[in-house]
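# Coordinate analysis (summary)
The residues making up each chain are set out below.
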Amino acid sequence: MKLVAVDLGGTHARFAIAELHPDRRPTLSETVKYRTADFAGLPGAWAAFAEAQGGVLPGAASIAIAGPVEGDLIRFTNNSWTIRPATLAAELGIDRLALFNDFAAMAAAVGVLDDGELIYLGGPAGPLPADGVTTVIGPGTGLGVAQLLRHRGRRIVLATEGGHIDFAALDGFEERLLTRMRERHRRVSVERIVSGPALADIHATLAMLGGRSIVPRDDAALWAAAIDGGDPLAAEALNRFTMAFGAIAGDLALAHGAHSVVITGGLSNRIEERLRGPLFQDRFRAKGRFEARMAQFPIRLARHPEAGLLGAAAAFQEDQRS
């Protein structure tokens, strides 16, 4: 069967036609991407996609949503869209609808990726464990976290809001960063420190502590300057980001009782070398009495151009097995 796969993030809405197969993972058509800011809500973006497809869409959809999928009204964590699940199918003109948390969909994608799409970052070499929990985590507009449980041939996805646990400072700089963030936020969650927009706060804090002036830049320009190394202060901010990311990923893996970790997303793929290096790896393993256990976690980087869309389709397909 065919369905419309949709990945709704804080900044963009991605659409593709997915085809489900009985013996292998779903296949996707070419992706169409829209800025969420250009539409009042999902129906408007859906209509634009339908027009791009010649006006005819399959009668089923699987939608990954950046936020908790619960209650009568779904509000997005990082944009102004709202969704009413009870009426959405009728609004879109379809017969079958499945809604998933975006990182639950991401975990579903991880469950069907080939070994060649899971790039080695740390821990033992080889494939991921055939059974047990994998922590799936990735920074974007926020910090997404989910669990993938492999058990007796099934792939069970558990959505979480792990990006909203409290941030724990581990050294003097992080204490100063936390203090500065608390001046603007009543509560500082880990995604305030590890997400795309968070790099600007780390950068500004380093500048303040060093008595250095900075030129305001948007997030995309700051990330580019940090990654290419042309701006030493931005590169230092990215190093600090990477250290915090390592500590948070390790904490969540422990809390999940995980056996492996998969890191996802476009930002993560841009900083692959940092994630493979000691800034991330040392902080990931530095868990006191559990340090030896942490060293045994396979850590991989998911590399798929549209993992969110693949995951939306894969989650729908797995549900059909129930």
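Structure report, in brief. (Residues numbered from 1 in each chain as written. Predicted model: local features only at pLDDT ≥ 70, side-chain atom pairs only at ≥ 80, totals over all residues. Heavy atoms only, no water.)

### As for the overall build of the chain
This is how it is decided: Numbered from the N terminus, helices here are DSSP runs of H or I no shorter than four residues, and strands are runs of E no shorter than two. This radius of gyration counts C-alpha atoms alone. The globule rule is 2.2 Å times how many residues there are, raised to the power 0.38. The buried label goes to any residue with under 20% of its type's maximum accessible area, the exposed label to any with over 50%, and the partly exposed label to all in between, with areas taken from a 1.4 Å probe on protein chains only. Any pair of residues with heavy atoms lying within 4.5 Å of one another is described as a contacting pair. Where accessible areas are quoted, they stem from the Shrake-Rupley method and a 1.4 Å probe; at the residue level, only the protein chains shown are allowed to cover. We score Asp and Glu as negative and Lys and Arg as positive, and we do not count His or the chain ends. Every charge is mapped onto a representative atom, which is NZ of Lys, CZ of Arg, CG of Asp or CD of Glu.
Helix and strand counts for the chain come out as 12 helices and 14 strands. Over its C-alpha atoms the chain spans a radius of gyration of 20 Å, differing by no more than 12% from the 20 Å that the globule rule assigns to 322 residues. Projected onto the principal axes, the alpha-carbon positions of the chain cover approximately 60 × 45 × 35 Å. Across the 322 residues that make up the chain, the buried fraction comes to 53%. Considering only residue pairs separated by 6 or more positions, the chain has 68% of its internal contacts joining residues 24 or more positions apart. For the chain, the exposed surface amounts to about 14400 Å²; the carbon and sulfur share of it is 50%. Mean positive and mean negative side-chain charge positions of the chain (34 and 36 charges, respectively) differ by 4 Å.

### Points about the packing of aromatic side chains
In plain terms, the rule: Any Phe, Tyr or Trp ring, taking Trp's six-membered ring, that has another such ring centre within 6.5 Å forms a pair; planes under 30 degrees apart are called stacked, those over 60 apart edge-to-face, and the others tilted.
In total, this model carries 9 aromatic pairs according to the counting rule given. When the centroid spacing of 6.4 Å and the interplanar angle of 70° are considered together, the rings of Phe 15 and Trp 46 count as edge-to-face. Of the two residues, Phe 15 is situated in strand 2 (residues 12–19) and Trp 46 in helix 1 (residues 42–52); the sequence distance between them amounts to 31 residues. With 6.2 Å between their ring centres and 15° between their planes, Phe 280 and Phe 284 make a pair best called stacked. Placement of the pair is Phe 280 and Phe 284 together in helix 10 (residues 278–285), with a separation of 4 residues, close to one helical turn. The exposure classification of Phe 280 matches that of Phe 284, with both residues buried. Counting every residue linked through ring pairs, the aromatic cluster contains Trp 223, Phe 241, Phe 245, Phe 280, Phe 284 and Phe 297.

### Some words on unusual backbone geometry
In this structure, Arg 152 is a non-glycine residue whose phi angle is positive, near 50°. Relative to the elements of secondary structure, Arg 152 occurs in the loop between strand 11 (143–151) and strand 12 (154–159).

### Considerations on the sheet that holds strand 10 (residues 132–139)
Heads up, the rule is: For two strands to be treated as a pair, DSSP must find at least two bridges joining them. Axis angles are defined between N-to-C directions and span 0 to 180 degrees, where every axis is a line fitted to C-alpha atoms and, for a helix, only to the segment in contact.
Judged by pairing direction, the sheet is mixed, and its 6 strands sit side by side in the order 9-14-13-10-11-12 without closing on themselves. Each having just a single partner strand, strand 9 (118–122) and strand 12 make up the two edges of the open sheet. Neighbouring strand axes in the sheet, compared pairwise and without regard to direction, differ in orientation by 30° on average. With 3 bridges connecting them, strand 13 (residues 260–263) and strand 14 (residues 299–302) associate as parallel partners.

### A short note on the side chain of Asp 7
Tracing the backbone through its elements, the reader meets Asp 7 in strand 1 (residues 2–8). Not counting residues up to four positions away in its chain, the partners in contact with Asp 7 are His 12, Ala 13, Arg 14, Ala 64, Asp 102, Gly 308 and Leu 309.

### A short note on the pattern of salt bridges
As a reminder of what qualifies: Take a side-chain nitrogen of Lys or Arg and a carboxyl oxygen of Asp or Glu: if they are within 4 Å of each other, that pair is a salt bridge.
Counting across every chain of the model gives 16 salt bridges. Note that Glu 306 and Arg 14 form a salt bridge whose closest N and O atoms lie 3.5 Å from each other. Residue Glu 306 is found in the loop between strand 14 and helix 12 (307–320), and its partner Arg 14 is found in strand 2; the two are separated by 292 residues along the sequence. Under the relative-accessibility criterion, Glu 306 is labelled buried at 18%. You can call Arg 14 partly exposed: its relative accessible area is 23%. Linking Arg 217 and Asp 231 is a salt bridge whose minimum nitrogen-to-oxygen distance equals 2.5 Å. One end of the pair, Arg 217, is in the loop between helix 5 (198–210) and helix 6 (219–228); the other, Asp 231, is in the loop between helix 6 and helix 7 (232–256), and 14 residues separate them in sequence. Overall, Arg 217 belongs to the partly exposed group, its relative accessible area being 34%.

### Topic: the layout of surface pockets
Note the threshold: The rule is simple: put a 1 Å grid over the protein atoms alone, call a set of points where a 1.4 Å probe fits but cannot get out a cavity, call an open set with protein on both sides within 12 Å along at least five of seven lines a pocket, and count a residue as lining if it has an atom within 4 Å of a point. Grid points are joined across faces, edges and corners, and a volume is the space filled by probe spheres set on the points.
The space that makes up the largest pocket amounts to roughly 1200 Å³. Forming the boundary of the largest pocket are 47 residues, of which Arg 14, Pro 139, Gly 140, Thr 141 and Gly 142 lie nearest the centre. The set of elements that each furnish at least two residues to the lining of the largest pocket consists of strand 2, helix 3 (102–112), strand 10, strand 11, helix 6, helix 8 (266–270) and helix 12. The element that contributes the greatest number of residues to the lining of the largest pocket is helix 8, accounting for 4 residues.

### What to know about the environment of Phe 316
Inspection of the secondary structure puts Phe 316 in helix 12. Here the alpha-carbon distance between Phe 316 and Ala 50, two residues 266 residues apart in the chain, equals 21 Å.

### Describing the packing of helix 6 against helix 7
Two numbers describe a pair of packed helices, the interaxial angle and the distance between the axes. Basically, it comes down to this: These descriptions rest on fixed angle ranges, namely under 35 degrees for roughly parallel, over 145 for roughly antiparallel, 65 to 115 for roughly perpendicular, and the rest for oblique. Any residue that is not Ala, Val, Leu, Ile, Met, Phe, Trp, Tyr, Cys, Pro, Asp, Glu, Lys or Arg is counted as polar, Gly included; the first ten are nonpolar and the last four charged.
Where helix 6 contacts helix 7, the two axes come as close as 7 Å, and the packing angle between them is 90°. With respect to helix 7, the axis of helix 6 lies roughly perpendicular. In contact with Leu 222, Trp 223, Ala 225, Ala 226 and Ile 227 of helix 6, helix 7 contributes Ala 234, Ala 235, Leu 238 and Phe 241. When grouped by side-chain class, the residues that make up the contact of helix 6 with helix 7 number 9 nonpolar, no polar and no charged.

### Some details on the nonpolar core
The criterion, for reference: As used in this record, nonpolar core signifies buried Ala, Val, Leu, Ile, Met, Phe, Trp, Tyr and Cys residues forming a set joined through side-chain atoms within 4.5 Å.
Within the largest apolar cluster, 47 residues are counted, with the highest numbers of intra-cluster contacts made by Ile 137, Phe 167, Ile 193, Phe 241, Ile 263 and Phe 284. A total of 11 residues in this core trace back to one element, the largest contributor, which is helix 7. Setting aside its immediate chain neighbours within four residues, Phe 284 contacts Gly 246, Ala 247, Ala 249, Gly 250, Ala 253, Val 261, Met 294, Phe 297 and Ile 299. In this structure, Ala 16, Ala 64, Ala 105 and Met 106 belong to the second largest nonpolar core, which totals 33 residues.

### Considering the side chain of Glu 318
Within the fold, Glu 318 resides in helix 12. With near-sequence residues (within four places) excluded, Glu 318 lies in contact with Arg 154 and Arg 155.

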